[in-house]
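# Analysis of the macromolecular model
Residues per chain, in single letters:
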Amino acid sequence: LNKRACVLRCLSSDKKFDAESIVKTDLEDIRNIGVSAHIDSGKTTVTERILYYSGRIDSIHDVKGKDGVGAKMDSMELERQRGITIKSAATCMQWKGKTINLIDTPGHIDFTIEVERSLRVLDGAILVLCGSGGVQTQTYTVYNQMRRYTVPFITFINKLDRLGACAYRTLDQMRNDLKVNAALLQLPIGVEKDFEGVVDILGEKVIHFEGDRGDILKYSDVPVTFEQDLINRRTELIECLSNVDEEIGERFLMEEDITNTDIEKAIKRTVTAQTFSPIIVGSALKNKGVQPLLDCVNKYLPNPSEVDNYAISIHDEERIRMETARTHTNPLVALAFKLEENQYGQLTFIRVYQGRLKRGHAVINTRTGEKVRVPRLVLMNSNDTQDVQEAYAGDIVAMIGVECASGDTFVTADLPKEKHVSMESIYVPEPVISLRIRNVHTKDNEKFANAINRFQREDPTFKCQFNAERREMIILGMGELHLDVYAERIRREYGCEVETGEPTVNYRETMEPGSAVDFEVTYKRQSGGRGQYAHIEGTITPLEDSTTPYEFVNSTKGGAIPTTLIKSVEKGMVEAMQEGALTGNRITRCKLECNPLSLSLSLSLSLGIKFELKDGKTHPVDSSDFTFSKAGYYAIKEHFVKKAIALEPWMEIEVHIPDDFSGAVLNSISERRGTTSNLEVSDGQTVISASVPLKEMFGYTTKLRSMTRGLGEFTMEFKKYEALETADENDLISLYRDSDQYKKQQSSEFGV
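Now for a description of the structure that goes with this document.

Parameters at a glance
- Residues numbered from 1 in each chain as written.
- Predicted model: local features only at pLDDT ≥ 70, side-chain atom pairs only at ≥ 80, totals over all residues.
- Heavy atoms only, no water.
- Helix = DSSP H or I, 4+ residues; strand = E, 2+ residues; numbered from the N terminus.
- Buried < 20%, exposed > 50% of the residue type's maximum accessible area, 1.4 Å probe, protein only.
- Contact = heavy atoms within 4.5 Å.
- Areas by Shrake-Rupley, 256 points an atom, 1.4 Å probe, with all protein chains shown as cover.
- Lys, Arg positive; Asp, Glu negative; His and termini not counted.
- Charge placed at Lys NZ, Arg CZ, Asp CG, Glu CD.
- Pairing = 2+ DSSP bridges.
- Expected span 1.5 Å × (residues − 1).
- Axes fitted to C-alpha atoms, helices over the stretch in contact; angles between N-to-C directions.
- Parallel < 35°, antiparallel > 145°, perpendicular 65-115°, else oblique.
- Nonpolar A, V, L, I, M, F, W, Y, C, P; charged D, E, K, R; others polar.
- Polar contact = N/O pair within 3.5 Å; in protein donor to acceptor, adjacent residues only side chain to side chain.
- Salt bridge = Lys/Arg side-chain N within 4 Å of Asp/Glu carboxyl O.
- Core = buried A, V, L, I, M, F, W, Y, C linked by side-chain atoms within 4.5 Å.
- Patch = residues over 30% accessible without salt bridge, like charges linked within 9 Å, V, L, I, M, F, W, Y side chains within 5 Å.
- Disulfide = S-S within 2.5 Å.
- Phe/Tyr/Trp six-rings, centres within 6.5 Å; stacked < 30°, edge-to-face > 60°.

## Side note on the overall build of the chain
- Assigned secondary structure in the chain consists of 18 helices and 40 strands.
- A principal-axis box enclosing the C-alpha atoms of the chain has dimensions of 115 × 60 × 55 Å.
- Evaluated residue by residue, the chain yields a buried proportion of 55% over its 752 residues.
- Sequence separation of 24 or more characterises 72% of the internal contacts of the chain that already satisfy a separation of 6 or more.
- Accessible surface for the chain amounts to roughly 32,900 Å². Of this, 46% is attributable to carbon and sulfur atoms.
- Counting 94 positive and 113 negative side-chain charges, the chain places the centres of these two groups 4 Å from one another.

Following this line, the structure appears as structure tokens:
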């Protein structure tokens, strides 16, 4: 072994970054990569070092902003305060002759759409694992996302300076838990606080990272104590490659000599084929291991020409392979994969798959058919922009001032319509949690509406609905943190104070089956001058036929009540049914199908009540539409309530989990008063179908993720209403009778 030591300053030159030269890079020298990880694996710290060593930033800053600046890629103040990445951020840099377009993605599962749409446009990725935590909850999700978009990746085991860190244990977890064919390219020297450098298995050198920022790499010979381990790990690397690479496999079986060049070529082939992942080790926080990681990006991750991308013909749905030559002669095909608002308008992130995108040129949005001109084209460096005139196949840039939606495809303006295409879509998961939200001050209504509209446009997993019955705005998203962040952004970015809470459950009321209640209501008020008078008698009973709407029966005789006033009784009855009588919730087991002559109300509910009006009295002066409407109203409020019961909504849920967690998940459903109706097991996955009260499902997303290490997911839809348990019904009644709504009603009953 060579006994001499070699010191190399591994930091990009001070040459100013030239955006125009970047977009003129040869295709073979482009790498479009993402950095993905479980939350708190050090992903953003890794990215900060990548930017520093490549010369894109001048100094390294703390991720949580303790130094008053914060990490470059976490540009939102909220990200720095919480110490997490909330939205993906793009940048561009050069490393040893290669141009690297990099997207830093969030690690928390609540912001999974940011990972989805980033991986959709990338050709490769770095999977960051915590040397202490190993394969964690979100690691599974990120890995599955990479598989969904067939993204090759290399692995960086980070935080080897942490207590309990072990690269070899993490390697075993990758193989056993993720089922990834992986092998080390480096061996760590020391562990935890004694971690000091790495041994390069192929280069057979020790690398120490010296200087204040680890920018001086010192190469030395491998100590005798590591020689045998190095030989064993090199053999293991060859075995892993021989299992998936035919060329190496044949040479390994024939016991032929396999050179480092042979190994490096095999690594490139197998990484591109997504059958192998090489592992680099280090500690980004301690400035160790990041430069060799960048070398691996250059060596092993594919350039855009080595990845097949397809568009779908709008004319005949044929899949068309994109031509990656960096020339303007091919028709433009570009995908808008992310939207943001900035001071200049909408910022649309674009991946160019074919042809050329040029500033000032017209393009067509194939979804809308609209022709638009590109007013401005920029390269991104987190929240900073640098103008460019054009971009070619393989580039990731942003357009400013073009209105579109996430997932839209742009093509050359003069391309015939029959040749229009659409890039394959981005997977958008359905929201799994909801919150009630309201703006505190009515003067902020416009700000609030603008914020909600903007965030829905930017994030397809953030949705908003209005519950007309409760007059509540409901926001839906991927988790509690997801919605909490948006509420905070409304406060900060729009100066609009908002309050959030659990959505109000839409309980219902109905009559006890087989019951009946007689009513006699006199509505009478006299305060000088003309009075108010109405008197009605009758019976309310439940309807058992689910196909029958509510039934209002006029059984009065001899014209005791004029026809016009009978309609008023019905009107008051319906008004009371909407408000409820027992708990302040709408009276259900009824379907109101009112004709234009009576009411313009429509409720789509089940079963019904029969309201039979048997007798009544009028006053020649004091009776009116209003008084008989009130009489019908109080017939429900004061008499129906005597036989009323409360109902709660039940949901049909379908839970998808790995087999290992089925016992715990079944128990969690039982704890929520759920009943399991079906259980299917196939290929290591379990699908559980069950019915659970909606009230019990709040917070279940977080619980399920915790139980299943982030691997469980569920869907939910309304199934039926069922009677509340007595204790819960009493609580609901007490809550209603303490409300201002009930007290106001009671105070207005003078004269009834």
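## Points about the pairing of strand β2 (residues 30-37)
- Counted residue by residue, β2 has eight buried out of eight residues, so it is predominantly covered.
- Every second residue of β2 is oriented toward a common face, with Ile30, Asn32, Gly34 and Ser36 on one face and Arg31, Ile33, Val35 and Ala37 on the other, all of them buried.
- Pairing of β2 with strand β5 (residues 124-130), which is carried by five bridges, proceeds in the parallel orientation. Bridging across to β5, serine 36 finds its partner in leucine 127.

## What about the side chain of glutamate 116?
- For glutamate 116, the location among the structural elements is in helix α4 (residues 112-120).
- In this structure, glutamate 116 is in contact with Gln145, Arg148, Tyr149, Ile426 and Tyr427, ignoring residues within four places of it in sequence.

## Side note on helix α7 (residues 224-242)
- In a regular helix each residue adds 1.5 Å, so 19 residues correspond to 27 Å; α7 covers 28 Å between its end C-alpha atoms and thus fits that length.
- Among the residues of α7, Phe226, Leu230, Arg233, Arg234, Glu236, Leu237, Ile238, Cys240, Leu241 and Ser242 are the ones counted as buried.
- Of the surrounding elements, those touching the buried residues of α7 are α6 (167-176), β7 (182-184), β8 (186-189), β9 (197-200), α8 (246-253) and α9 (260-272).

## Notes on the packing of helix α2 (residues 43-53) against helix α10 (residues 290-300)
- Contact pair α2 / α10: the axes reach a minimum separation of 10 Å and the direction vectors enclose 80°. By the criterion of interaxial angle, the relationship of α2 to α10 is roughly perpendicular. In this structure, α2 uses Val46, Arg49, Ile50 and Tyr53 to contact α10, whose residues at the interface are Val290, Gln291, Leu293 and Leu294.
- Of the residues assigned to the contact of α2 with α10, the class counts are six nonpolar, one polar and one charged.

## Comments concerning the side chain of glutamine 346
- The residue glutamine 346 is located in strand β16 (residues 345-354) in this model.
- With relative accessibility at 2%, the residue glutamine 346 sits in the buried group.
- In terms of polar contacts, glutamine 346 uses its side chain to reach the backbone carbonyl oxygen of cysteine 404, at 3.3 Å.
- If near-sequence neighbours (up to four positions away) are discounted, glutamine 346 is found in contact with Leu339, Glu340, Glu341, Met399, Ile400, Gly401, Val402, Glu403, Cys404 and Arg457.

## Quick look at the pattern of salt bridges
- Scanning all chains against the criterion turns up 48 salt bridges.
- Across the salt bridge formed by aspartate 221 and lysine 205, the nearest N and O atoms sit 3.2 Å from each other. In this pair, aspartate 221 sits in the loop between β11 (216-220) and α7 while lysine 205 sits in strand β10 (residues 205-210), placing the two residues 16 residues apart along the sequence.
- Given a relative accessible area of 16%, aspartate 221 falls into the buried group.
- A salt bridge links arginine 454 to glutamate 458; the nearest nitrogen and oxygen atoms lie 2.9 Å apart. Of this pair, arginine 454 and glutamate 458 are both found in helix α11 (residues 445-458), four residues apart, which corresponds to roughly one turn of the helix. Residues arginine 454 and glutamate 458 agree in their burial class; the two are buried.
- The network of salt bridges with shared partners includes Lys87, Glu114, Arg117, Lys338 and Glu340.

## Some points on the nonpolar core
- Core analysis: the largest hydrophobic core is formed by 63 residues, its most contacted members being Leu119, Met146, Phe153, Met174, Val199, Ile279 and Val281.
- The next biggest cluster of nonpolar side chains, apart from the first, holds 43 residues, and it includes Trp95, Ile126, Ile263 and Ala284.

## A short note on the environment of serine 242
- Residue placement: serine 242 occurs in helix α7.
- Exposure remark for serine 242: the relative accessible area of 16% places this residue in the buried category.
- For serine 242 and alanine 266, which are 24 residues apart along the polypeptide, the C-alpha to C-alpha distance reads 8.8 Å.
- Dropping the residues within four chain positions of it, serine 242 is found in contact with Ile248, Gly249 and Phe252.
- Engagement of the side chain of serine 242 in a polar contact is seen with the backbone oxygen of glutamate 239, the distance being 2.7 Å.

## Topic: a nonpolar patch on the surface
- Nonpolar side chains collect at one region of the surface, where Phe252, Leu253 and Met254 lie side by side and expose about 350 Å² of accessible area between them.
- Tracing the chain through its elements places methionine 254 in the loop between α8 and α9.

## Side note on the sheet that holds strand β27 (residues 463-467)
- One open sheet holds the four strands; their spatial order is β27-β28-β26-β29, and the pairing between them is antiparallel. Looking at the sheet topology across the chains shown, the edges are occupied by β27 and β29 (498-501). Taking each pair of neighbouring strands and ignoring which way they run, the sheet shows an average axis angle of 35°.

## What about the environment of leucine 187?
- Relative to the elements of secondary structure, leucine 187 occurs in strand β8.
- Using a relative accessible area of 0% as the deciding quantity, one classes leucine 187 as buried.
- It is 55 Å that separates the C-alpha atoms of leucine 187 and lysine 447, two residues lying 260 residues apart in sequence.

## Examining the state of the cysteines
- Applying the stated rule across the entire model yields zero disulfides.
- Here cysteine 240 is not cross-linked by a disulfide; its sulfur's nearest cysteine counterpart is in cysteine 296, at 15 Å.

## A few points about the packing of aromatic side chains
- Summed over all chains, the structure comprises twelve aromatic pairs.
- Judged by centre distance (6.5 Å) and plane angle (15°), the ring pair of tyrosine 523 and tyrosine 634 falls under stacked. Remark: tyrosine 634 occurs in helix α14 (residues 625-638) and tyrosine 523 occurs in strand β31 (residues 517-525); sequence separation between them is 111 residues. You'll find tyrosine 523 and tyrosine 634 in the same group, each marked buried.
- An angle of 65° between the planes, with centres 5.5 Å apart, marks the rings of tyrosine 700 and phenylalanine 714 as edge-to-face.

## Concerning the sheet that holds strand β32 (residues 532-543)
- Spatially, β31-β32-β36-β33 is the arrangement adopted by the four strands of the open sheet, whose pairing is mixed. The open sheet is flanked by β31 and β33 (551-554), the only strands paired with a single partner. For this sheet, the mean angle separating the axes of adjacent strands, direction not counted, is 25°.
- Two strands pair when backbone bridges link them, and β33 and strand β36 (residues 608-617) are joined in this way by four bridges, in the parallel orientation. When the sheet's bridge partners are listed, valine 553 is paired in β36 with glutamate 612.
- Each of β31, β32 and β36 is contacted by α14, which is oriented at about 35° to β32, the strand it contacts most.

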